[in-house]
Amino acid sequence: MWYTIRMDIYYFVVFACFAFGLGCCVASFLNVCIWRLPREESVAWPPSHCPNCNARIRWYQNIPVLSWLALRGRCANCHQPISARYLVVELLGGVLFLVAYFQWAAGFFLRMPPPLGLHPLACVWAVPACWLVFSGLILGSFIDLDHFYLPDRVTIGGMLLGVPISFGVPEFQGETQRLTALYWSLGGLAAGFLGLWALSWLATKAFKKEAMGFGDVKLLGAIGAFFGPVAVLFTVVVSSFVGALVGGVLILRGKAKLGGLTAVPYGPFLALGVLVWMFWGPRIVNWYLHLHAFTR
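Worth saying up front: this structure is predicted, and the values here are computed from it rather than measured. (Residues numbered from 1 in each chain as written. Predicted model: local features only at pLDDT ≥ 70, side-chain atom pairs only at ≥ 80, totals over all residues. Heavy atoms only, no water.)

Enquirer: Help me get a handle on the overall build of the protein, residues and values and all.
Expert: Each helix and strand in the protein was counted, giving 10 helices and 0 strands. Counting from the amino terminus, the protein carries its helices and strands in the arrangement α-α-α-α-α-α-α-α-α-α. When the accessible area of the protein is evaluated, it comes to approximately 17,200 Å², of which 69% is carbon and sulfur surface. (Helix = DSSP H or I, 4+ residues; strand = E, 2+ residues; numbered from the N terminus. Areas by Shrake-Rupley, 256 points an atom, 1.4 Å probe, with all protein chains shown as cover.)

Enquirer: Can you tell me about helix 3 (residues 84–104), naming the residues and giving the values?
Expert: Taking 1.5 Å per residue as the helical rise, helix 3 with its 21 residues ought to reach 30 Å, and the 30 Å between its terminal C-alpha atoms agrees with that figure. Along helix 3, the residues that are buried comprise Leu87, Val89, Glu90, Gly93, Gly94, Leu96, Phe97, Leu98, Ala100, Tyr101 and Trp104. (Expected span 1.5 Å × (residues − 1). Buried < 20%, exposed > 50% of the residue type's maximum accessible area, 1.4 Å probe, protein only.)

Enquirer: Provide a residue-level description of the packing of aromatic side chains, including the pertinent values.
Expert: The final tally for this structure, using the stated rule, is 8 aromatic pairs. Aromatic pair Tyr101 and Phe102: ring centres 5.8 Å apart, planes at 45°, arrangement tilted. If you follow Arg39 out to its NZ or CZ, it ends over the ring of Trp35, 3.6 Å from the centre. (Phe/Tyr/Trp six-rings, centres within 6.5 Å; stacked < 30°, edge-to-face > 60°. Lys NZ or Arg CZ within 6 Å of the ring centre and 35° of its normal.)

Enquirer: Describe the pattern of salt bridges, with residues and values.
Expert: Within this structure, the stated rule accounts for 2 salt bridges. Of the charged contacts, one joins Asp146 and Arg85 as a salt bridge, the two residues approaching to 2.5 Å between their closest N and O atoms. One end of the pair, Asp146, is in helix 5 (residues 122–147); the other, Arg85, is in helix 3, and 61 residues separate them in sequence. On the accessibility criterion, Asp146 (40% relative accessible area) is partly exposed. Lys218 serves as the salt-bridge partner of Asp152, at 2.6 Å between the closest nitrogen and oxygen. Residue Asp152 is located in helix 6 (residues 152–168), and its partner Lys218 is located in helix 8 (residues 214–227); the two are separated by 66 residues in the primary sequence. (Salt bridge = Lys/Arg side-chain N within 4 Å of Asp/Glu carboxyl O.)

Enquirer: Lay out the nonpolar core in plain terms, naming residues and giving numbers.
Expert: Formed by 56 residues in total, the largest nonpolar core has its most connected members in Phe134, Leu139, Phe172, Phe227 and Met278. When residues of this core are traced back to their parent elements, those giving at least two are helix 1 (2–36), helix 3, helix 5, helix 6, helix 8, helix 9 (229–252) and helix 10 (267–295). Take this core: its biggest share by element is 12 residues, from helix 5. Ignoring sequence-local partners within four residues, the contact set of Phe227 consists of Val133, Phe172, Gln173, Val274, Trp277 and Met278. (Core = buried A, V, L, I, M, F, W, Y, C linked by side-chain atoms within 4.5 Å. Contact = heavy atoms within 4.5 Å.)

Enquirer: Describe unusual backbone geometry, and please don't skip the residues or the numbers.
Expert: Of note, the phi angle at Glu40 is positive, near 55°, even though the residue is not glycine. The topology assignment puts Glu40 in the loop between helix 1 and helix 2 (66–70). For His79, which is not glycine, the phi dihedral falls at a positive 65°. Tracing the sequence through the fold places His79 in the loop between helix 2 and helix 3.

Enquirer: Requested: an account of the side chain of Ser166, with residues and values cited.
Expert: By the element assignment, Ser166 lies in helix 6. Within polar-contact distance, the side chain of Ser166 engages the backbone oxygen of Phe226 at 3.1 Å. Look past the residues within four positions of Ser166 in its chain and what remains in contact with it is Gln173, Ala181, Ser185, Ala225 and Phe226. (Polar contact = N/O pair within 3.5 Å; in protein donor to acceptor, adjacent residues only side chain to side chain.)

Enquirer: Break down a nonpolar patch on the surface for me, with residues and values.
Expert: Taken together, the side chains of Trp280, Ile284, Trp287, Tyr288, Leu289 and Leu291 define a hydrophobic patch exposed on the protein surface, amounting to about 670 Å² of accessible area. Residue placement: Trp280 occurs in helix 10. (Patch = residues over 30% accessible without salt bridge, like charges linked within 9 Å, V, L, I, M, F, W, Y side chains within 5 Å.)

Enquirer: I'd like a rundown of the packing of helix 6 against helix 8, residues and numbers included.
Expert: Running from amino to carboxyl end, helix 6 crosses helix 8 at an angle of 15°, the nearest separation of the two axes being 7 Å. Viewed along their axes, helix 6 and helix 8 adopt a mutual orientation that is roughly parallel. For the pair helix 6 and helix 8, the crossing hand works out as left-handed. Contacts between helix 6 and helix 8 involve Asp152, Val154, Thr155, Ile156, Gly158, Met159, Leu161, Gly162, Val163, Ile165 and Ser166 from the former and Gly215, Lys218, Leu219, Gly221, Ala222, Ala225 and Phe226 from the latter. (Axes fitted to C-alpha atoms, helices over the stretch in contact; angles between N-to-C directions. Parallel < 35°, antiparallel > 145°, perpendicular 65-115°, else oblique. Left-handed = near helix turned anticlockwise from the far one by under 90°.)

Enquirer: An account of the packing of helix 8 against helix 9 is needed here, citing residue identities and associated values.
Expert: At a minimum axis distance of 8 Å, the contact between helix 8 and helix 9 shows a crossing angle of 135°. Relative to helix 9, the element helix 8 lies oblique. In this structure, the crossing between helix 8 and helix 9 has a hand that is right-handed. Note on element contacts: helix 9 touches helix 8 through Ala231, Val232, Thr235 and Val236, opposite Leu220, Ile223, Gly224 and Phe227.

As structure tokens, then:
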């Protein structure tokens, strides 16, 4: 018995380390994509190099997280600073991949019941599907922060992949039947795309200026395809609330004017909203519905 428990813990730790390491490696590649895709450069060639001196980065200088720390955030050749964002993106990828493993698959090794009613084997597909979603959100958010647009690889790609993935992992839609999950996925795609498009159109008419990019509309369509119409509404509410808080901070710091229309990328707020949904959304919605029923 003790041997079995020790082996369970061993595999739990091994796969946790694998999840974190894989997340850091994927995010390291995403750093390349974040820099090159907006500049229409190949992500495969030339190999990684310093943007200041163009010196090629050796493999031992390109180990996620560790190399940045070992080099103290500077290029080994020209000694110019390397943005801390590279480190932040790699750590973010590692942490998100690890949290997804903890939430959906760790119980498999610790002999705990799977979350959200998942069949144990469904976790095998749910975790990599979540990793795919995280990768797209990281890529889109950081490109949006720098260039105020969301790449079609993230938005349209998410709409195309969300439907079959929801069919394969119906628990993403809160269902156990694949056909029902497919209906919810298509409904979420329509609700996210058409709903935010209508909101964008109304806001543009009200402010007489483009208030929201079409990439945001497509991103919300992708969110709906993966997680359904309830997730769309939840994401809009959370992202709007956080966006209002950020806008208030900008006003207090004098970087925006009350009543004015300051350009702020909305993609990162949508990404944050869907992350909250993935980890806590259904529980928050159930808590709110029970609270509302109790207060009536």
